Amino acid sequence: MSTDSKVPSVILNNGVEMPQLGFGVWQVPDDEAAKAVATALEAGYRSIDTAAIYENERGTGEAVAASGIPREELFVTTKLWNSEQGYDSTLRAFDASLERLGLDHVDLYLIHWPVPAKDAYVDTYRALEKIHAEGRARAIGVSNFLPEHLERLTAETGVVPAVNQIELHPQLAQAESRALHARLGIATEAWSPLGQGRGLLDVPALVAVARKHGRTPAQAVLRWHLQLGNVVIPKSVTPSRIQENIDVFDFELDPEDMAAIAALDEGGRLGPNPAEFNVGA
Ligand SMILES: NC(=O)c1ccc[n+]([C@@H]2O[C@H](COP(=O)([O-])OP(=O)(O)OC[C@H]3O[C@@H](n4cnc5c(N)ncnc54)[C@H](OP(=O)(O)O)[C@@H]3O)[C@@H](O)[C@H]2O)c1
């Protein structure tokens, strides 16, 4: 483990500390997840982001159990899939996630998507509140919620989610959501923080910033997120990249670098628009 990989925490709105950098496991098959998560834990990651729909909670839990790292030093997130939204079905789905993970609690439980056509996220959130009150999720929140969904949720439940995990990278900087989160006290967690490792990492302006610091484009992007205050969960199954992505705490971008990366925002999504994504409704 690199000596430079000490990950700072953000303090969620219920006082729980969450590592600002974690490890995402979307698209990692269950039988490969244990190995990838073990590599990440070895590299110094302490936060893991999975979901019921990723079908790798079991492999993730195996790596956590085998690591020997005290449970209180780890931060495990999972998410409720769309088809399980609704009060009773959420409680059942949460039990099943815990069972697959082999844990008695998670650190963060998220509603994966708002699924507007189902119109069940308020009831679903009430189930998350029960799970939180029972101490089975140390914090609860949402994912892919647009400002309109957050405003309705807070108006109808009177509570503010701890986290909103949204697609966020230099080409989709999400200024409106970030401003609303800051106003409400919601931590912004960036999914696909590297833009899924596709075109973004070859953009000349980004490559230039990275070169200036003797770093890789992925490291420059992660620094941009961290300096904005975002929580990031880069995914990789490649050991050298797993290490590279956590070695980002010993350099700093200057305002000019931050502006050069911010200029890449084009508002383009890699994933679906949450207003229209109703799979599992
Ligand atoms: N809430 C949601 O709806 C939602 C949606 C999508 C993702 N997520 C979460 O966010 C996590 C991260 O997002 P993501 O997996 O979509 O994309 P990402 O982390 O932005 O990018 C992952 C891709 O980039 C490559 N990569 C990783 N590090 C690299 C590096 N240093 N240099 C070059 N390429 C690199 C990976 O390749 P290799 O693996 O081959 O190394 C992989 O193909 C997910 O795993 C998941 O936990 C949540």
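Residues numbered from 1 in each chain as written. Predicted model: local features only at pLDDT ≥ 70, side-chain atom pairs only at ≥ 80, totals over all residues. Heavy atoms only, no water.

## Quick look at the pairing of strand S9 (residues 187-191)
Okay, so step 1: In terms of burial, S9 is largely enclosed, as 5 of its 5 residues are buried.
Okay, so step 2: The alternating pattern of S9 places Ala187, Glu189 and Trp191 on one face and Thr188 and Ala190 on the opposite face, and all of these are buried.
Okay, so step 3: The pairing of strand S8 (residues 163-167) with S9 spans 5 bridges and is classified as parallel. From the neighbouring strand, Ile166 faces S9, where its bridge partner is Ala190.
Okay, so step 4: Handedness of the β-α-β unit built from S8, helix H6 (residues 175-184) and S9 comes out right-handed. (Buried < 20%, exposed > 50% of the residue type's maximum accessible area, 1.4 Å probe, protein only. Helix = DSSP H or I, 4+ residues; strand = E, 2+ residues; numbered from the N terminus. Pairing = 2+ DSSP bridges. Right-handed = clockwise from strand over helix to strand, strands pointing away.)

## Some points on the site of the ligand
Okay, so step 1: Taken together, 29 residues lie near the ligand, and Asp49, Ser192, Leu194, Ser236 and Thr238 sit nearest.
Okay, so step 2: Lys235 is positioned such that a nitrogen or oxygen atom in its side chain is 2.8 Å from an oxygen atom of the ligand.
Okay, so step 3: Bound to the protein, the ligand loses 88% of the 910 Å² it would expose on its own.
Okay, so step 4: The residue makeup of the shell around the ligand, split by class, is 12 nonpolar, 12 polar and 5 charged. (Near = heavy atom within 4 Å. Polar contact = N/O pair within 3.5 Å; in protein donor to acceptor, adjacent residues only side chain to side chain. Areas by Shrake-Rupley, 256 points an atom, 1.4 Å probe, with all protein chains shown as cover. Nonpolar A, V, L, I, M, F, W, Y, C, P; charged D, E, K, R; others polar.)

## Overview of the nonpolar core
Okay, so step 1: Counting 70 residues, the largest nonpolar core has Phe23, Tyr45, Tyr109 and Leu206 as its most contacted members.
Okay, so step 2: Those residues in contact with Tyr45 that sit more than four places away from it in its chain are Leu21, Gly22, Phe23, Ala40, Arg241, Ile242, Asn245 and Ile246.
Okay, so step 3: Leu12, Ala139, Ala162 and Ala187 belong to the second-largest nonpolar core, a separate cluster that totals 12 residues. (Core = buried A, V, L, I, M, F, W, Y, C linked by side-chain atoms within 4.5 Å. Contact = heavy atoms within 4.5 Å.)

## Quick word on the UniProt feature "domain: NADP-dependent oxidoreductase" (unreviewed entry) in the protein chain
Okay, so step 1: UniProt records the feature "domain: NADP-dependent oxidoreductase" (unreviewed entry) at residues 21-265, using the numbering of this structure.
Okay, so step 2: Taken end to end, residues 21-265 comprises 45% helix and 15% strand; its first and last C-alpha atoms sit 22 Å apart. (UniProt positions renumbered as here; feature names shortened; annotations may be inferred.)

## Things to note about the environment of Tyr121
Okay, so step 1: As for its placement among the helices and strands, Tyr121 is situated in helix H4 (residues 121-133).
Okay, so step 2: For Tyr121, the residues in contact, after removing those within four places along its chain, are Gln85, Ile111, Pro114, Phe145, Glu148, His149, Arg152 and Leu153.

## A look at the packing of H4 against helix H5 (residues 147-157)
Okay, so step 1: At a minimum axis separation of 10 Å, H4 and H5 run at an interaxial angle of 60°. Accordingly, the angle class assigned to the pair H4 and H5 is oblique. Both H4 and H5 take part in a crossing whose hand is right-handed. From H4, Tyr121, Val122, Tyr125, Arg126 and Glu129 reach across to H5, where they touch Glu148, His149, Arg152, Leu153, Glu156 and Thr157.
Okay, so step 2: Looking at the contact of H4 with H5, its residues break down into 4 nonpolar, 2 polar and 5 charged. (Axes fitted to C-alpha atoms, helices over the stretch in contact; angles between N-to-C directions. Parallel < 35°, antiparallel > 145°, perpendicular 65-115°, else oblique. Left-handed = near helix turned anticlockwise from the far one by under 90°.)

## Looking at helix H7 (residues 204-212)
Okay, so step 1: All of the buried residues along H7 are Leu206, Val207, Val209 and Ala210. Down the axis of H7, the sector holding all buried residues measures 160°, keeping them to one side. Facing away from the buried side of H7 by over 90 degrees, the exposed positions are Pro204 and Arg211.
Okay, so step 2: Contacts made by the buried residues of H7 are with helix H8 (217-228) and helix H10 (255-262).
Okay, so step 3: Count one or two residues on from H7 and you reach Gly214, which has phi positive near 65°. (Arc of directions from axis to C-beta.)

## Digging into the pattern of salt bridges
Okay, so step 1: Going through the model one piece at a time under the given rule, you end up with 13 salt bridges.
Okay, so step 2: With a shortest N-O distance of 3.1 Å, Arg136 and Glu134 are connected by a salt bridge.
Okay, so step 3: Judged by its relative accessible area of 22%, Arg136 falls in the partly exposed class.
Okay, so step 4: Residue Glu134 is classed as partly exposed on the basis of its relative accessible area of 40%.
Okay, so step 5: The salt bridge partner of Lys212 is Asp257, with a shortest N-O separation of 2.7 Å. Of the two residues, Lys212 is situated in helix H7 and Asp257 in helix H10; the sequence distance between them amounts to 45 residues.
Okay, so step 6: The exposure class assigned to Asp257 is buried, which follows from its relative accessible area of 2%. (Salt bridge = Lys/Arg side-chain N within 4 Å of Asp/Glu carboxyl O.)

## A look at the packing of aromatic side chains
Okay, so step 1: Considering all chains together, one arrives at 5 aromatic pairs under this definition.
Okay, so step 2: Centre to centre, the rings of Phe23 and Tyr45 are 5.4 Å apart; their planes meet at 70°, and the pair counts as edge-to-face. One end of the pair, Phe23, is in strand S3 (residues 23-24); the other, Tyr45, is in the loop between helix H1 (30-43) and strand S4 (47-49), and 22 residues separate them in sequence.
Okay, so step 3: Measuring from ring centre to ring centre gives 4.6 Å for Phe94 and Tyr109, while their planes differ by 65°; the resulting arrangement is edge-to-face. Linking Phe94 in helix H3 (residues 87-101) with Tyr109 in strand S6 (residues 106-111), this pair joins segments that are 15 residues apart in sequence. Grouping residues by exposure puts Phe94 and Tyr109 together as buried. (Phe/Tyr/Trp six-rings, centres within 6.5 Å; stacked < 30°, edge-to-face > 60°.)

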